[in-house]
Each structure stands twice: as structure tokens, then as C-alpha cells.
Amino acid sequence: MLILGLESSCDETSAAVVEMDEKSGVRKILSDIVASQVDIHKLYGGVVPEIASRAHVEAVSGITYEALKQAGAGTKDVGAVAVTACPGLIGALLVGVNFAKSLAFSHHIPLVPVNHICGHVAAAYLCDPELKPPHLALVVSGGHTALYDVKDFTVYETIGTTRDDAAGEAFDKIARVMGMPYPGGAALDKMADGGDPHAFALPSPALGGDGFDFSFSGIKTAALNLINGAQMRGEQLNQNNLAASYVHTIVTGIAKKTAAALDKTGYGQMVLAGGVAANAHLRAEIAKVCQVRGVKLTVPPLNLCGDNAAMIAAAGYYAYEAGARGDTFLNASAADTF
Ligand code: KG4
Ligand code: ZN
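Residues numbered from 1 in each chain as written. Chains lettered and ligands numbered in written order. Predicted model: local features only at pLDDT ≥ 70, side-chain atom pairs only at ≥ 80, totals over all residues. Heavy atoms only, no water.

## Quick notes on the pairing of strand E4 (residues 78-86)
Keep this limit in mind: Partly exposed residues are those whose accessible area sits between 20% and 50% of the maximum for their type, while under 20% is buried and over 50% is exposed, using a 1.4 Å probe and protein chains only. By definition, any uninterrupted DSSP run of H or I lasting at least four residues is a helix, any uninterrupted run of E lasting at least two residues is a strand, and each is numbered from the N terminus. By this definition, two strands are paired if DSSP reports at least two bridges between them. Think of it like this: strands point away, you trace from the first strand over the helix to the second, and a clockwise trace means the crossover is right-handed.
The buried count for E4 comes to eight of nine residues, which makes it a mostly enclosed element. In the sheet, strand E1 (residues 2-7) pairs with E4 via five bridges, with the strands oriented parallel. Residue pairing across strands places Ile3 opposite Ala80, the latter belonging to E4. Of the pairings in the sheet, the one linking E4 to strand E5 (residues 111-115) comprises five bridges and is parallel in character. Opposite Val81, over in E5, you have Leu111 as the bridge partner. Handedness of the crossover joining E4 and E5 through helix H3 (residues 90-106): right-handed.

## Section: the coordination of the zinc ion (ligand 2)
Just so we agree on the cut-off: Water is absent from the atoms considered, so a metal site may look incomplete; donors are defined as N, O and S atoms within 2.8 Å of the metal, or 3.2 Å for Na, K and Ca.
Every protein donor of the zinc ion (ligand 2) is listed here as His116 (NE2), His120 (NE2) and Asp307 (OD), and their distances to the metal cover 2.0 to 2.1 Å. The sequence pattern describing where the donors of the zinc ion (ligand 2) fall on their chain is H-x3-H-x186-D. Of the two residues, His116 sits in helix H4 (residues 116-127) while Asp307 sits in the loop between helix H10 (302-305) and helix H11 (309-321), which places them 191 residues apart along the sequence. Note on His116: relative accessible area 5%, which makes it buried. Among the residues examined, Asp307 registers a relative accessible area of 17% and is labelled buried.

## Here's the deal with the sheet that holds strand E6 (residues 135-140)
Adjacent strands of a sheet form backbone hydrogen bonds with each other and so pair up, either parallel or antiparallel. Where we set the bar: Orientation is described by axes fitted as lines to C-alpha atoms, over the contacting stretch for helices, and by angles from 0 to 180 degrees between their N-to-C directions. In this description, contact between two residues means that some pair of their heavy atoms is separated by no more than 4.5 Å.
If you trace the five strands from one edge of the open sheet to the other, you get E8-E7-E6-E9-E10, paired in mixed fashion. Of all strands in the sheet, those bounded by a partner on one side alone are strand E8 (155-161) and strand E10 (296-298). For this sheet, the mean inter-axis angle between neighbouring strands, taken without regard to orientation, is 25°. This element, helix H8 (residues 239-265), spans E6, strand E7 (145-152), E8 and strand E9 (269-273) of the sheet and lies at about 160° to E6.

Next up, the structure:
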């Protein structure tokens with residue numbers, strides 16, 4: 001079955017065609033076109049929601065045409081249209097949802113709403129044909145940091161989540177203050193290489209106690225105070241050491257809760273997904289946590305870690321099989337609705 005996926009929850013407009021058939025083990029990406037708005041938002045140091053919505057409107061039909069063309073498919077070949085309906089920027093989501101509705105209903109194709117987080121996890125199914133739930137999933141992105149007990153392809157139970165900011169937001173904010181252009185997460189990741197991870201003591205994002213929740217506001221404020229204090233004294237902080245300490249504290253905090261979640265669930269396999277899963281230090285730390293426990297770890301390749309529509313199409317396939325359908329009243333939601 002061919003699924004056309006559409007993604008517009010933040011600053012990437014994406015359309016993709018995937019071929020999926022769980023019975024015969026087919027999970028194949030036929031096309032995955034991503035139109036990034038990063039260069040536009042860079043001018044403002046972050047995503048400007050209204051500009052994002054307008055850019056999605058301009059890009060969505062062209063890239064959908066391109067995705068079908070590259071897959072060698074027409075709308076008559078498409079078995080379902082899957083679209084990100086939550087969570088994300090509401091204006092941005094609405095562009096994809098309304099475009100998907102028009103396309104699906106004018107061509108008499110079933111419409112399937114998809115949760116963006118399930119999409120990030122489904123990226124792992126596309127790159128590992130053997131992987132099936134149940135398993136643990138750690139989703140770390142610009143908007144989310146959460147641990148899920150994935151009981152089935154469409155059944156998620158939140159084990160732990162962030163109480164305030166997401167890890168990606170925490171990376172981007174400090175990267176910006178340190179002078180890196182938006183989104184600075186990847187640049188901060190690189191700057192951390194070769195620095196001393198113990199040069200600065202920062203508060204861990206892993207909350208105390210037996211729970212699995214995170215908080216990133218403390219470490220963000222502590223790093224800001226360090227930077228501002230040094231500036232006022234006319235001192236120059238070692239940038240590599242600061243980046244290394246910041247990345248190390250975030251990564252080890254996330255790894256600590258992930259290890260506890262693996263021990264609690266007892267799962268022998270886990271997925272690391274989301275844009276921040278591109279972070280080399282996080283990948284290495286989670287790999288260590290899995291290795292000592294004999295847990296199989298699946299991390300999507302970099303092109304499937306960031307926002308893309310192939311992951312939405314894959315999640316849409318499982319949702320379609322579970323009977324999920326959207327009608328003409330389908331609405332987008334900024335909040336997570338599992
Ligand atoms: O999943 P994603 O593409 O969008 C959301 O759903 O939010 O994640 C984007 C986030 C940004 O905050 C970006 O800075 C971060 O992923 N990111 C990284 C790295 N590459 C991307 N953060 C840390 N290290 C990286 N290498
Ligand atoms: Zn995302």
C-alpha cells in the first residue's frame with residue numbers, strides 16, 4: 001500500500017510517499033521531499049509562526065507534486081493520505097491538514113491524522129525492518145523530550161516528559177547566546193567536541209526521585225548566568241568547555257532517566273528519535289546505556305531524525321491499519337493528543 005505523507009508542524013514543509021505492508025515485511029521510502037525554512041527564520045533567531053504558515057502555503061502543493069513524481073506514483077495509486085494533525089504550531093499544522101483534506105476528499109482517498117511524535121518513532125521502523133513494539137522510545141526534539149512505553153504501533157504510554165522546555169529548545173537558546181545562528185543545536189554539538197565536560201558545574205535536567213520527568217529551565221538559567229556574569233566582569237569563557245559541560249550535563253541527565261525507564265519496563269529494545277537524536281554525544285551515551293543492558297538500540301539516520309514526511313506516512317500506515325480516519329471536520333491541535 002502506498003501512503004502519501006504530509007508534514008508542516010514547524011519549519012519544514014515535507015511530502016513523501018512510502019510503501020508499507022507489514023504482512024509481507026515491506027517498509028520502503030519511495031520519496032521524501034523536505035523544504036526547510038531555516039534560512040528565513042535564521043534572520044529572526046527562531047521560528048516566527050506566521051512566517052512559517054505562509055511559507056508552508058507557498059511550498060505544500062509543489063513539494064507534494066514532486067514527492068508523487070519522484071515515487072513514480074499518481075493520486076490513483078495512493079491508498080491513504082497521512083498528515084501531521086498535532087502537536088506543533090497551530091497555524092503551520094492547519095496548512096498541512098487543510099491541504100491533506102482537500103487532496104484526500106477530491107480524490108476519494110482515506111485521510112489519516114498522525115501525531116508528530118508517533119511519526120518520529122515510526123522513522124525507526126523505516127530504517128529497521130525487524131523492529132516491532134513493544135519497546136521503549138526516547139523522543140528528543142525542538143518541542144519535546146519524553147520517554148514512551150510503546151505498547152503497539154499506535155499505543156503509547158508516556159513514562160516521563162519535560163516539565164518546561166524541550167532539550168532542543170535548551171540547546172538552541174544557549175547556542176544563540178553563544179553567537180551561533182538558529183538552530184544552533186548541531187553547532188553546539190560540534191563545539192562540545194574537544195572541550196572539558198567537567199569544566200563548569202551545571203544542574204542536571206533529570207529531576208530527583210523515582211519519576212522519569214525532566215526540567216531544562218534550571219540548566220538554561222545557570223548557563224545564561226555564567227555567560228552574563230563573565231560578560232559583566234569582562235572575562236572570556238572558554239567556549240568549547242562551556243559547550244562541552246552544557247551538552248554533557250543535558251545528555252547524561254537524559255541518559256540517566258532512560259536507563260531507569262529501561263530497568264522499569266524491562267524491554268530489550270528501544271528507539272532514540274527526534275531532531276536532537278542527531279546529537280553525537282546523545283547517540284553515544286544512549287548506546288552505552290543500551291550496551292550494558294544488552295538492549296537493542298535503533299536510531300534513525302540523520303535525514304530521518306529531523307522533521308520529514310516519510311516518518312509521518314509510516315506512522316499513518318499503522319494508524320490506518322488500526323482504523324484511524326479523518327473526516328472533513330478534522331482539525332489540527334497545538335497540544336499533544338494521543
Ligand atoms: O524534530 P525536529 O526536527 O523538530 C521538532 O519537532 O522540534 O528537531 C529540531 C531540533 C532543533 O532544536 C535542533 O537544534 C535540534 O533538533 N538538533 C540538534 C542537533 N541537530 C538538530 N540538537 C543537538 N545536537 C544536534 N546535532
Ligand atoms: Zn519533530
